[in-house]
Amino acid sequence: MYKILVAGLSLSLMAAASTSMAAESALDAARRITGKYTGRWSMYGLVSGSVVEKASWTDVLEAGSATERSGRALVEVTDLMTFPDGSTRASQFIEGYMVNADGSAGDRFYEIQGEVTIFKKLTDRDWAFQTAPEPGELWFLGFNPRDVIYASHVTTKTTTHEGGTDTDHVTRLTTIQWRTADGKLHASQFVSMKGEHTRTP
């Protein structure tokens, strides 16, 4: 469940670092990720062919001081999630920039449990990345992994600004193709996660 919840959340740190990277050092870019973020989230799956909400939570995410090591400028992030029943879960990951040879900011990345994902910058306000659902995620989404032929998550983030506050709007679109017992192929595309994070000034 850790990766299911956290993979989409890291996009929410990107509002603070959405300006031009021209001539900016990787460490300075990573410093602009630091701060406190509050959010609300929902996850969805298929039940009898209909998309239903399967989980929801609020969270407080804190990105600590930026450091540079092993060719990367990064921050360590802690996310405290609170669920409707009052239970909580703390998660950790790292996020930052690859350091180019001249010290400037390279690719934006996040890392969860040693697995690195690279973001694609679309505009100054829009980012995206693609991941493949793991078997546990497929079960959660309502699919038997043995029946799945292809599965993909595409997560996007768009930032809006109001006064001194930045809000990141995150949506994960999931596409799954599977085979039923009669041998027929089926495909479905649906929003499997969405939420937002607001950065505290």
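Data block above holds the structure.
Every chain is numbered on its own, with residues counted from 1 as its sequence reads. Per-residue local features are limited, in this predicted model, to residues with pLDDT of at least 70; the limit for side-chain atom pairs, both in listing and counting, is 80 or more; totals at the level of whole chains, interfaces and linings are taken over all residues. Excluding hydrogens and water, the side-chain values take into account all heavy atoms of the structure.

Asks: Which residues make up the overall build of the protein chain, and what are the values?
Replies: Within the protein chain one finds three helices and twelve strands. The buried share among the 201 residues of the protein chain stands at 47%. Across the protein chain, every contact between residues at least 6 apart in sequence was considered, and the portion connecting residues at least 24 apart equals 55%. Segments assigned H or I by DSSP are reported as helices when at least four residues long, segments assigned E as strands when at least two residues long, and all are numbered from the N terminus. Buried residues are those whose accessible area, probed at 1.4 Å on protein chains only, stays under 20% of the maximum for their type, while exposed residues exceed 50% and partly exposed ones sit between those limits. Here, residues are in contact when the closest pair of their heavy atoms is within 4.5 Å.

Asks: Any details on the pattern of salt bridges? Residues and values, ideally.
Replies: When their charged atoms lie close together, side chains carrying opposite charge are able to pair. Note on definitions: salt bridges are taken to be side-chain nitrogens of Lys or Arg within 4 Å of carboxyl oxygens of Asp or Glu. Taken as a whole, this structure holds nine salt bridges when the rule is applied. Residues Arg31 and Asp28 are paired through a salt bridge, measuring 2.6 Å at the closest nitrogen-oxygen approach. Separated by three residues within a single helix, Arg31 and Asp28 lie in helix α2 (residues 26-31), roughly one turn from each other. Here Lys121 makes a salt bridge to Asp124, at a shortest N to O gap of 3.3 Å.

Asks: Go over the pairing of strand β5 (residues 88-99), please, and point to the residues and values.
Replies: Here, any two strands with at least 2 DSSP bridges between them count as paired. Sheet analysis places strand β4 (residues 72-82) next to β5, joined by eleven bridges and oriented antiparallel. Within β5, the position partnered with Leu74 by the bridge is Gly96. Where β4 folds back on β5, the antiparallel hairpin that results is connected by five residues, among which Gly86 adopts a positive phi of roughly 90°. Connecting β5 to the antiparallel partner strand β6 (residues 105-112) that follows it, the hairpin turn spans five residues, and Gly103 within it adopts a positive phi of roughly 90°.

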